[in-house]
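Summary of the model geometry
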Amino acid sequence: MGTRKRSHYCGELHAKDVGKEVTLMGWVHSRRDHGGLIFIDLRDREGVTQIAFNPEINAAIHSKAHDLRSEYVIAVKGKVSKRPEGTINPDLKTGEIEVLAEELTILNESKTSPFEISSRHGISEDVRLKYRYLDLRRSGLQENLILRHRIVQTTRNYFNRKKFIEIETPFLTKSTPEGARDYLVPSRVNPGRFYALPQSPQLFKQILMISGYDRYYQIVKCFRDEDLRADRQPEFTQIDLELSFIQEDDIYEIIEGLLVAIFKEVKNVSLMHPFPRLTYQEALARYGLDKPDTRFEMELKNLTSHFADSQFKVFSRAVAAGGIILGLNARGCAEYSRKELDNLTDLAKVYGAQGLAWIKVVSDGVQSPIAKFFTETEIQQLTKTLNAQPGDLLLMVTDAKHKVAYTALGQLRIHIGHKLGLIEQDRWCPLWITEFPLLEYNEEEKRYLAMHHPFTSPVEEDLVYLKENPEKVKARAYDLVLNGNEIGGGSIRIHRKDVQQAMFGALKIGEDEAKSKFGFLLDALEYGAPPHGGIALGLDRLVMLICGIESIRDTIAFPKTQKATCLMTDAPSQVSERQLKELSLKTVIPKLTK
RNA sequence: GGGGGCGUGGUGUGGUUGGUUAACACACUGGCCUGUCAAGCCAGAGAUCGCGAGUUCGAGUCUCGUCGCUCCCGCCA
């Protein structure tokens, strides 16, 4: 094919192109060799076009086509032709036409692929990850990555329109305490010292506000060395922004506008907005979680007061110990077998619950191993509060630690919601969670930790409690939740040095430590820091949700396994002694691996 | 750190209470075939059942260990 140029993508040819002389280049997707006629589906990123090799048109080319195999890279010149009557393929975008081959060049051969690119069944993930370049040829991943691209483009256009400035921040930066474990990078020219890869550009974007850039955004990689999940990778991408002279409402408006634009552009869905807002407390009370899936009802109810004096000691003792009793009406689930109930109990235990109390509501009363402990009044209050009808299953969790009870029953709610098919796949329920506590007590470290991060502004009126009653202080923080997933979080930041120092005080971060770890921020706060705030959205999760898939790995071209390895490149790998020496590093491996 | 699932030709799956030749589909190789598009028909090659021990007359199957992938808890400001 020499110097010939590609004239079209496969997949962009239509009936209107009939008669055109075209040159296509791509991969052999499949071949159907009739001995006489040979058909090739030629694939590139835009789709597939059928190439017909007819010995009557060109015998030499036809015979050459016999050698074609799956995934060969070829160039084909030929005429776009309308397919004969009755051979149109309505399942194919280009199904009305075919290209009658006049020239064929094999640009490269291919070994037999370890899996079929067009495979209809799933391929195990380790094989896919090892041959990621082949996996990425498959239409599913291509669609995801192209959708991701469109979301990113929409985002950039949106922020540009809103007068944001995209500014890059360093990847080689300073390790900071608090938060996730850092990925460290040794410094060759500073032996014994390390950079950290950023967990987020948090401090840099605040500094940019102090520098007067006013509206910053960045679509940026962040790094956290924590254990992986289906929705967590060690490197992930945030849509990160920060604005000066704004309040919470400004953030809500900007982000709602962004999501509305994204959903319109890539899904042609008109998102309802403004998004609902729920305080942290209300989210817990009604859904048990701070990232509620509001696509279905089935809300939690607080039953604590009903059972304060109950003969059922599990309940009354818990109440006496300051605990909480929560209930949930699993509508129509009174038929659940003992096994199903045991499964629910096991699920509750995963989240730390001691057990799960259940009561079946039947036509002539209730059924439950614990029913005998309850008075008529208690049963009445229970069924009334949970609005129970015969056929319903009432689930209750109690725990001295309120968070445990909320989480366990909240997760049961999600589980049962799925099981009962209450969750519509194509429904989009974004909402804001507001009024988070500023601090959370950490048993392990015997001190308070910032729930969001140490630069989050407390609510002004609560400042007085910071010393004496830190739990009472609310943060000017907010999370964005979509269909039960946290897809973003941010806050109005502290912009006064005295408040920042008070915050460090509450976190038991000493003056010296604060100075060595965050001195540059404290200094900067003294040079005219404007009020500012921002938010970051998890791009990978957002793409995952919009794609309707289960794992962010399928939104990332080259993801890591659960052990944070790359099966294609075999990273992380050992390095030479020389490299280690240059970096003044010695490795001490507790147990010999391999 | 902990709990669960999976691992069988290239790929995806079967494989009964442990029983002798490890099955099926797709892919692959060769042949036939001029309208297929999940092409068809015929023939063929391809597996020490992740790895290592153990139990047993006998292990794909049971036990223990180990490795890999995965889901979850902890962790992820």
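Cut-offs used in this document
Residues numbered from 1 in each chain as written. Chains lettered and ligands numbered in written order. Predicted model: local features only at pLDDT ≥ 70, side-chain atom pairs only at ≥ 80, totals over all residues. Heavy atoms only, no water. Helix = DSSP H or I, 4+ residues; strand = E, 2+ residues; numbered from the N terminus. Expected span 1.5 Å × (residues − 1). Buried < 20%, exposed > 50% of the residue type's maximum accessible area, 1.4 Å probe, protein only. Contact = heavy atoms within 4.5 Å. Pairing = 2+ DSSP bridges. Patch = residues over 30% accessible without salt bridge, like charges linked within 9 Å, V, L, I, M, F, W, Y side chains within 5 Å. Areas by Shrake-Rupley, 256 points an atom, 1.4 Å probe, with all protein chains shown as cover. Salt bridge = Lys/Arg side-chain N within 4 Å of Asp/Glu carboxyl O. Axes fitted to C-alpha atoms, helices over the stretch in contact; angles between N-to-C directions. Arc of directions from axis to C-beta.

To continue, consider helix α4 (residues 139-161). The end-to-end C-alpha distance of α4 is 32 Å, a good match for the 33 Å that 23 residues give at a rise of 1.5 Å each. Listing the buried residues of α4 in full gives L141, N144, L147, R148, I151, V152, T154, T155, Y158 and F159. Structurally, α4 contributes buried residues whose contacts are with α2 (125-130), α3 (132-135), β9 (215-223), β10 (235-244), α6 (248-267) and α14 (539-547). Just downstream of α4 lies K163, where phi reads positive at about 70 degrees.

Moving on: the sheet that holds strand β16 (residues 393-399). Taken in spatial order, the five strands of this open sheet run β12-β13-β16-β14-β15, and their pairing is antiparallel. Edge strands, defined here as strands with exactly one partner in the open sheet, are β12 (301-302) and β15 (365-367). Bridge analysis of β12 against strand β13 (residues 324-330) gives two bridges, and the strand direction is antiparallel. Of the residues in β13, the one forming a bridge with K301 is G327.

A separate point is a nonpolar patch on the surface. There is a patch of nonpolar side chains on the surface, built from Y133, F558 and M568 and spanning about 300 Å² of accessible area. Topologically, Y133 is positioned in helix α3. Residue Y133 is classed as partly exposed on the basis of its relative accessible area, which comes to 47%.

Turning our attention to the side chain of T94. Mapping T94 onto the fold places it in the loop between β4 (73-82) and β5 (97-108). T94 gets classed as buried once you look at its relative accessible area, which sits at 1%. Not counting residues up to four positions away in its chain, the partners in contact with T94 are G11, E12, L13, V48, T49 and R83.

A few words on the sheet that holds strand β11 (residues 277-279). Read across the open sheet, the eight strands follow the order β6-β9-β10-β22-β21-β20-β17-β11; overall the sheet is mixed. The open sheet is flanked by β6 (165-166) and β11, the only strands paired with a single partner. Lying over the sheet, helix α5 (residues 202-210) contacts β9, β10 and β22 (532-538), oriented at roughly 20 degrees with respect to β10. Contacts between helix α7 (residues 280-287) and the sheet are confined to β11 and β17 (430-434), with β11 contributing the most and set at about 90 degrees to the helix.

With that out of the way, let us pick up the pairing of strand β19 (residues 447-450). Note on strand geometry: in a regular strand, side chains alternate between the two faces of the sheet. Two elements, strand β18 (residues 439-442) and β19, share four bridges in a ladder whose sense is antiparallel. Bridge pairing in β19 links N442 to R447. In this structure, the hairpin formed by β18 and β19 is closed by a connection of four residues, where K446 is found at a positive phi of approximately 55 degrees.

Our next topic: helix α8 (residues 313-320). Those residues of α8 not exposed but buried are F315, S316, A318 and V319. All buried residues of α8 fall inside an arc of 160 degrees around its axis, so they share one side. Exposed side of α8, more than 90 degrees from the buried face: R317 and A320 are the residues found there. Contacts made by the buried residues of α8 are with β13, β14 (357-362) and β16. Directly beyond the C-terminal end of α8, a positive phi value near 85 degrees is found at G322.

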